[in-house]
Each structure stands twice: as structure tokens, then as C-alpha cells.
Amino acid sequence: MWRSVVAARASLSRCSARKLSFTNTHTSKTLLQSPPPSLPRPTKPQNPRFFSQLSQSSNGDVPVSPDAEESPESFGENDSALANDLQDSVSSDEISSALLNGSANDELNEQFSVSNEENGDTRMEIEEGVREINVEQLENLLSILQSSFDGSLESILEEMSLDLNEEFVLRVLETPNILGENLISFFKWASKEGSEFKVTSRAVDALVQSVCCNLRKKDAYALWDLVKDIGEKEKNVIITVESLNELIGLCSKLGKAKAAMEIFNKFEDFYCEPNADTYYFTIDALCRRSFFDWALSISEKMIDSGKLPDAEKVGKIISWFCKGKKAKDAYLIYTLAKEKELYPPGCSINFLISSLCREDDNVKLALEILDDISGKERKYAIKPFSVVIRGLCRTKDVKEAKNLLLKMIASGPPPGNAVFNSVIHGFAKAGDMGEALDIMKLMGKRGLKPDVYTYTVIISAYVNGGQMDEACKILSQAKRKHSQLSPVTYHTLIRGYCKLEEFDKALKLLAEMKDHGVQANTDEYNKLIQSLCLKALDWETAEKLLEEMKEKGLHLNGITRGLITAVKELVIEEVEAAKTSSIEA
């Protein structure tokens, strides 16, 4: 009786050992259906010594292993695992009871039979899992795909007689260092009609992900043709959004905008709904090739769907449209992002503000964006504020520019000379000299020193209005504040005196320039000589200025030289004619 118990126990232990050994390597892959990182070979079950010792303690008929120890504490690691498995299946009390009571043998045998059946089912399941992938075939195939070979790949695959299934194909597709064209060719061959392998969404995703890792135009087109063919013919296979996005991203990196647009247009045919990344990758691909009109159509669909990528990607889209002179469309994306509490990077916002201010109709939109800048970002946002103020002054909305200047003084960023000069120039150009002078006084109260440009702007405004005395007063202030003035300052005044035909004052300013560190250039001489010839017919003074230019190394153009000669001849002829007339009389 006890011999049958021990024999049954030994059989059970062998099944348990196989279960333990194979479970570590293959059971998780069989049940979860996910390929492991590597494919270990199954180990052989060890010969349990525990049962040999148990037989020796019961009866000497069963041979004892010479390596057997006398106490369970000295068991090896595998023996301990088998002992635990034995204790889980049948307790030691049941074994003792069976050895002492023969009437319990049948019941114990029944338990062993059930346990053997369960372990047999497990072993069959494990063996089926082992048969899922033929390791030798897989290794041979990978060595071929990862190396160069002669002849057709399809013919080589036909000769190999591969045992194809989904797990086998996935293992091939997920193996690194295989050319994309080899993967595509293998996938086409594996999925041909009559093959055991059936195309699935999982397999398509694995193929797309593997091929898209390599930036090769030929592989990109071949992959898209294959995916498109699968989507159109295999009605049971779902082409996922992730795979299509990978393809669009690959086309974007390769600069193939039209291919990316074609993939986007196939979403509806494949019953896929574009997500935020779909719109981003498509717009990226189109803007890289300056297809901004197509990109705008995608942007409109993105805005209608309300699906925006993260803040950084939104900022990139805004910058792309600004580069394409589509600032107003970029502003629409910005407003949608603000509604969704997405805040693009500051550089993108600054680019948007600058782009909006290039067009007069969009300056007010840029002004609205400034209200969204706060905190630390506002403290350092002097550039976008300056751009908006210049835009407001250019569009003759000087009052709004002044209001923005006052906001900057109150809340930041602190305005500098350039901002004040823009507002002063705006008021001066509009003829409102009172406001211009008030802003210049405010500038001084802020601890800022009006520069030469500030004085020149006000002088120019007075000269344009014919107020030469006021212009000279501002010039006197500028002389006291600055030791060296600008040639533009004197050029403006000389032009004003010439316009009023006050040539003596103009000549006086020309002589005064060198005393204030300013060298007269050709423009001053040219303007004065032309005025002397055309309005005063004073060719003698014009000739003196010409000689002065030669001494300074300045060259007068031929037209003005000819003008001096023509006026001189005309005046001489008139004088001689007058003399002749007086003699005859």
C-alpha cells in the first residue's frame, strides 16, 4: 500500500517540478500574450531527492540516491521548492495516515489522480506555449534579416518553412537593428493569402513603430502604401490613430508635406478620429514646407474640434504661423489655448505680439495680449510693450500709447528712453507739441535724460510747422545737455531755413556744426547749394561751398555741379545784357 503512495507521490513531484521549471520561462508569455524581452530555453526538471529519502525511511526496497542527506534542512534550493509543492498538495498528516491505514489508500489515490490531471492540463498548456515560437527558426530568421543577403528575401523565406503565428511575427518586428525594407518585405510575405498568420492591429502598430525609427524616404512611402492597403482591404483590422500619427511624424521629419496631408485625409476612411497630436504633426509637416494655406485648413479643424496639444506645442504652432505671416490666425489659436488654460512659452507670445504689430489692423489685438502678461514675466516684457507702443504711434493712436506708457510706469515693465521717444515722436508728428513736451518732462522726472534723438524729434516737429524760433530754443537746450549732437539735428534746421529762404542762418548753422563735434556731410552741402542756386541764384556762395567740400574730401554729384555752372552762366548773361541795354540807352 505505502509503495503505491510513494510511487504516486514521486509522479506528482515530477509534474510539479516540470510546472515550476516551465512556469518561470513561458507561462507569463502564454497567459499575457506579450513577448518577453528575451527567449530563454526551458530547463530540465531536477531529480527530487526528497522522495528517495522518504522511501528509505519507509522501506529499503526503493533505492536511495548516494547524494541524499539525512535531514530536510540540508535540501538544495530546487528540493525545497519541490518539498513545498508537495506540502501544498497533500499534507504530511495525510501521508502518515495513508501509511498506517490501508483503508485511506483509495481516497488518497483519488486525490493524487485529480492532482495529476490538473498538473497534466498545466503541462499541456505550457507545452502549447513553448510551441508558439520556434526558437531555432526565430534565430535563423533574425540572422538573415539583420545581415546582407543575395537574392530575393521572399524566396529565402519560402525555403525556411517558418511556423508563423502572431507572437512569432511580433518578436521579429520588435527586434532592433533590422532594416525597414526587410521588415516590410517580411510582413508582406507573412500576411499573404493562405498564411497561418493573420494581420492584426497589434502587428500593424509594431511594424509602424519599428520602421518609423529609421528616417528613410523609401521606407516611409513603402510603409504608408502597405498600411493604406491593409486599411482598405482588411475590414477586420483597425488602423489605430497612434500608427497614423507615427506616419505623419515620419513624413514631417523627412519634409514630405503632401504625404502627411494624404495620411491626414485618410483618417475618415479608416474610421479614425484625429487627436491633438494628429493636428500638431500635420501642421508641423505643412509649415516645414511653407504650405501655410493647407496648414490653416488643418488649424481650423483643430479649433473646431477643440483639441489642442500641450502648451509648448501650441507655442510652436503660433510661431510657425507668425513666420508665414498668418499672425491673425495664430491669435485665434492663442485665444483658444487661453480658454483651455494653456499658456504657451513667452518667446512664442512675444513673437505673436511683434507679428500682429506689423499690420495696422492687428495692433489692438496685440494690445489685448499684453493684459495677459503678469507677474515676473511682465517685469521683463519691455520688448513686447515697446513694439505695441510703436505700433499705436504708427497708427496715430497716440493717446492709447500714452495710456500704455502710464500703465508701464505704474505696473511695469519700467519704460526706457526708446518708449518715451516713441510717444514723444507720436505727439510731435501729430502736431501736439504740448503733450510732447509734457512727456519729455515726465521722462526727466523718471530719472531719464532726454537723448539727442528726443531733441531732434521735437526740433523736427517745430521745423515742419515753420516755428524756427522754438526749434532753436530746443537746440540750445540740447547743446547744454550734450556735448556732441547729431548731423540729423543740424540737417533738419538747415532744411527749415532753406525752405524759408533764410540762407544766412543756414550758413551760420553749417559753420557751427564743427564746434559741436559734428562734421557736415554731403547731404547738408548738397541741400544748401541747390537752395542757393534755385532760389537765390547765388552761384558765388555755391562755388565757395563747393571749394570747401573739396578741402574736406567730399564729392558733389554731377547734377548739382551742372546746376552751379548753369546758374553762373545765366546770371552772367543777364548782367551783360543789362550792361548792353544801359549803354544803348
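Residues numbered from 1 in each chain as written. Predicted model: local features only at pLDDT ≥ 70, side-chain atom pairs only at ≥ 80, totals over all residues. Heavy atoms only, no water.

A.B. asks: Looking at this structure, I do not really get the packing of helix α16 (residues 311–323) against helix α17 (residues 327–339). What am I missing?
C.D. replies: Two quantities define a packed helix pair, namely the angle between the helix axes and the distance between the axes. Direction vectors running N to C along α16 and α17 enclose 165°, while the axes themselves pass 8 Å from each other. When the axis of α16 is compared with that of α17, the two are roughly antiparallel. Note on packing geometry: the crossing formed by α16 with α17 is left-handed. Contacts from Val 314, Ile 317, Ile 318, Phe 321 and Cys 322 of α16 reach α17 at Ala 327, Ala 330, Ile 333, Tyr 334 and Ala 337. (Axes fitted to C-alpha atoms, helices over the stretch in contact; angles between N-to-C directions. Helix = DSSP H or I, 4+ residues; strand = E, 2+ residues; numbered from the N terminus. Parallel < 35°, antiparallel > 145°, perpendicular 65-115°, else oblique. Left-handed = near helix turned anticlockwise from the far one by under 90°. Contact = heavy atoms within 4.5 Å.)

A.B. asks: Got a minute to help me understand the environment of Arg 358 in this structure?
C.D. replies: Looking at the element boundaries, Arg 358 is found in the loop between α18 (346–356) and α19 (363–370). Residue classification places Arg 358 among the exposed residues on the basis of a relative accessible area of 55%. As for Arg 358 and Lys 325, which are separated by 33 residues in sequence, their C-alpha atoms are 9.5 Å apart. Once residues lying within four places of it in the same chain are set aside, the contact partners of Arg 358 are Cys 322, Phe 351 and Arg 394. (Buried < 20%, exposed > 50% of the residue type's maximum accessible area, 1.4 Å probe, protein only.)

A.B. asks: Got a minute to help me understand the side chain of Ser 252 in this structure?
C.D. replies: By secondary structure assignment, the location of Ser 252 is in helix α12 (residues 241–254). If sequence neighbours within four positions are ignored, Ser 252 has contacts with Phe 281, Asp 284, Ala 285 and Arg 288.

A.B. asks: Explanation requested: a negative patch on the surface in the structure shown.
C.D. replies: Negative charge collects at one region of the surface, where Glu 569, Glu 573, Glu 574 and Glu 576 lie side by side. Looking at where Glu 569 falls in the secondary structure, it is placed in helix α31 (residues 558–584). (Patch = residues over 30% accessible without salt bridge, like charges linked within 9 Å, V, L, I, M, F, W, Y side chains within 5 Å. Areas by Shrake-Rupley, 256 points an atom, 1.4 Å probe, with all protein chains shown as cover. Salt bridge = Lys/Arg side-chain N within 4 Å of Asp/Glu carboxyl O. Lys, Arg positive; Asp, Glu negative; His and termini not counted. Charge placed at Lys NZ, Arg CZ, Asp CG, Glu CD.)

A.B. asks: Please explain the confidence of the model for the protein as it appears in this structure.
C.D. replies: Fine structural detail should not be taken from predicted coordinates in areas where pLDDT scores are low. Across the protein, the average pLDDT comes to 80, with 77% of residues at 70 or higher. Taken element by element, the protein is modelled with least confidence in helix α2 (residues 50–58), mean pLDDT 36, and with most confidence in helix α14 (residues 276–288), mean pLDDT 97. Segment residues 1–131 is flagged for pLDDT under 50; beyond a separation of four residues in sequence, or across chains, it makes 117 contacts in the model. (pLDDT = per-residue confidence, 0-100.)

A.B. asks: Teacher, can you tell me more about the nonpolar core here?
C.D. replies: Grouped together as the largest cluster of nonpolar side chains are 102 residues, with contacts concentrated most on Ile 283, Phe 321, Ile 353, Val 388 and Ile 389. Considering each element in turn, this core owes the most residues, 8 residues, to helix α25 (residues 452–464). Dropping the residues within four chain positions of it, Val 388 is found in contact with Ile 353, Cys 357, Val 363, Ala 366, Leu 367, Leu 370 and Leu 404. With 53 residues, the next largest nonpolar core counts Leu 164, Ala 206, Ile 248 and Phe 267 among its residues. (Core = buried A, V, L, I, M, F, W, Y, C linked by side-chain atoms within 4.5 Å.)

A.B. asks: Looking at this structure, how should I read α12?
C.D. replies: In an α-helix, one turn spans 3.6 residues; hence positions three or four apart end up facing the same way. The end-to-end C-alpha distance of α12 is 20 Å, a good match for the 20 Å that 14 residues give at a rise of 1.5 Å each. Along α12, the positions that sit buried rather than exposed are Val 241, Ser 243, Leu 244, Asn 245, Leu 247, Ile 248, Gly 249, Leu 250, Cys 251 and Ser 252. The inward-facing, buried residues of α12 contact α10 (201–211), α11 (217–233), α13 (257–265) and α14. Directly beyond the C-terminal end of α12, a positive phi value near 75° is found at Gly 255. (Expected span 1.5 Å × (residues − 1).)

A.B. asks: I tried to follow the packing of aromatic side chains on my own but got confused; where do I start?
C.D. replies: The geometry of an aromatic ring pair is captured by the separation of the ring centres together with the interplanar angle, meaning the angle of the planes. As enumerated under the stated definition, the model contains 9 aromatic pairs in all. Aromatic pair Trp 224 and Phe 270: ring centres 6.4 Å apart, planes at 65°, arrangement edge-to-face. Residue Trp 224 is found in helix α11, and its partner Phe 270 is found in the loop between α13 and α14; the two are separated by 46 residues along the sequence. The same class applies to Trp 224 and to Phe 270, which are both buried. Taken together, the ring pairs in this structure connect Phe 264, Phe 267 and Tyr 279 into an aromatic cluster. (Phe/Tyr/Trp six-rings, centres within 6.5 Å; stacked < 30°, edge-to-face > 60°.)

A.B. asks: Explain the pattern of salt bridges here, please?
C.D. replies: Between side chains of opposite charge, a pair can form when the charged atoms approach closely. Across all of its chains, the model carries 22 salt bridges by this definition. Among the salt bridges present, the one from Glu 181 reaches Lys 218, with a minimum N-O distance of 3.9 Å. Of this pair, Glu 181 sits in helix α9 (residues 180–190) while Lys 218 is found in helix α11, placing the two residues 37 residues apart along the sequence. Salt bridges here are not isolated pairs; linked through shared partners, they connect Glu 181, Arg 216, Lys 218 and Asp 219.

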